[in-house]
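Observations on the model geometry
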Amino acid sequence: MHIWLDYHSIPQENDTTKRLAIGSIALYAACSHYFLACAPEALHQDSRPPCKVDADTYLQRGWCRLEQWAFMAINGSAQMYVFDSSLSQLSSRRRWIEESVNVFNGHFTHEADKALLVDVVLGLYGLAVVATLDPSVASRRGKSSCAPHSSSRELIELIAERRCLIFPRQYF
């Protein structure tokens, strides 16, 4: 079983390492069997002054959105969960799914990082299209072929509806 655990995040000090890590996000998230966003209300001690973080602030972060989209592109949303005050399936939170593919409108500490995500986002879109056309892509690890196919189709429809937001003109 593979679990996506976002703890160390993306290395920021070395530009080459940073670009390699960004390029691999989709691979690691897509290879995971489950996605769990652990986002209970807490106080972020590294902020000055310390600020509150929770599921809403998690969903606002661009990197977190990218990781979720990477998982959904190949696996759908059925095995995605969030823990805030209790555990719940993300597929039951339509707004959450809508926001997670809206990467470029997410919050980034460094706005310049958005330019590094163009190829990754295009690749994720391609993965979602392939998963829609060929359900065996998602079922290769013993998953049902209909749930990921349906979820992938819904993801493609969502992207089509929000194309201008998801692929902003200044980057695409």
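Rules of the game
Residues numbered from 1 in each chain as written. Predicted model: local features only at pLDDT ≥ 70, side-chain atom pairs only at ≥ 80, totals over all residues. Heavy atoms only, no water. Core = buried A, V, L, I, M, F, W, Y, C linked by side-chain atoms within 4.5 Å. Buried < 20%, exposed > 50% of the residue type's maximum accessible area, 1.4 Å probe, protein only. Helix = DSSP H or I, 4+ residues; strand = E, 2+ residues; numbered from the N terminus. Contact = heavy atoms within 4.5 Å. Patch = residues over 30% accessible without salt bridge, like charges linked within 9 Å, V, L, I, M, F, W, Y side chains within 5 Å. Areas by Shrake-Rupley, 256 points an atom, 1.4 Å probe, with all protein chains shown as cover. Salt bridge = Lys/Arg side-chain N within 4 Å of Asp/Glu carboxyl O. Phe/Tyr/Trp six-rings, centres within 6.5 Å; stacked < 30°, edge-to-face > 60°. Pairing = 2+ DSSP bridges. Axes fitted to C-alpha atoms, helices over the stretch in contact; angles between N-to-C directions. pLDDT = per-residue confidence, 0-100.

This brings us to the nonpolar core. Judged by nonpolar contacts, the single largest core of 39 residues is most densely connected at L66, W69, L117 and L124. Residue assignment for this core shows that the elements contributing at least two residues are helix 1 (15–31), strand 1 (35–38), helix 2 (55–60), helix 3 (62–75), strand 4 (80–83), helix 4 (94–100), helix 5 (118–133) and helix 7 (146–161). Examining the composition of this core, we find that 8 residues originate from one element, helix 3, more than from any other. Contacts of L117, omitting those with residues within four sequence positions, involve I22, W63, L66, V103, F104 and F108.

This paragraph deals with a nonpolar patch on the surface. Taken together, the side chains of L36, F83 and L87 make up a nonpolar region of the molecular surface, amounting to roughly 270 Å² of accessible area. Inspection of the secondary structure assignment puts F83 in strand 4. For F83, a relative accessible area of 32% translates into the label partly exposed.

With that out of the way, let us pick up the packing of aromatic side chains. Inspection of the entire model under this criterion finds 7 aromatic pairs. Judged by centre distance (5.6 Å) and plane angle (80°), the ring pair of Y125 and F167 falls under edge-to-face. A residue pair is termed long-range when its members are at least 10 positions apart, and Y125 in helix 5 and F167 in the segment after helix 8 (163–166) qualify at 42 residues. Owing to a relative accessible area of 17%, F167 belongs among the buried residues under this scheme. Geometrically, the ring pair formed by F167 and F172 is edge-to-face, given 5.1 Å between the ring centres and 85° between the ring planes. F172 sits in the partly exposed class, given a relative accessible area of 34%.

Time to look at the side chain of E99. Along the chain, E99 turns up in helix 4. Here E99 is in contact with L59, R65 and R162, once residues within four sequence places are set aside.

Read across the sheet, 3 strands follow the order 1-4-5 without closing on themselves; strand pairing throughout is mixed. This sheet does not close on itself; its edge strands, each paired only once, are strand 1 and strand 5 (87–89). For this sheet, the mean angle separating the axes of adjacent strands, direction not counted, is 25°. Direction of pairing for strand 4 relative to strand 5: antiparallel, over a ladder of 3 bridges. Looking at strand 5, one finds that V82 is bridged to S88.

Here the focus is the confidence of the model for the protein chain. Any region with low pLDDT has predicted coordinates that should not be read closely. Across the protein chain, the average pLDDT comes to 84, with 87% of residues at 70 or higher. Highest mean pLDDT in the protein chain belongs to helix 8 (95); lowest belongs to helix 6 (residues 136–139) (65). The low-confidence segment residues 141–146 (pLDDT under 50) makes 12 contacts with residues lying over four places distant or belonging to another chain.

Here we come to the pairing of strand 1. Across the two faces of strand 1 the burial differs, with F35 and A37 buried and L36 and C38 not buried at all. Inspection of the sheet shows strand 1 paired to strand 4 by 4 bridges, in the parallel sense. Note that in strand 4 the partner of A37 across the bridge is V82.

Close approach of charged atoms allows side chains with opposite charge to pair. Across all of its chains, the model carries 7 salt bridges by this definition. For the salt bridge of D54 with K52, the shortest nitrogen-to-oxygen distance reads 3.1 Å. A residue is classified by how much of its surface remains accessible, and D54, at 14% relative accessible area, is buried. Residue K52 is classed as partly exposed on the basis of its relative accessible area of 47%. Across the pair D56 and R95 runs a salt bridge, and its minimum N-O distance is 3.5 Å. A residue pair is termed long-range when its members are at least 10 positions apart, and D56 in helix 2 and R95 in helix 4 qualify at 39 residues.

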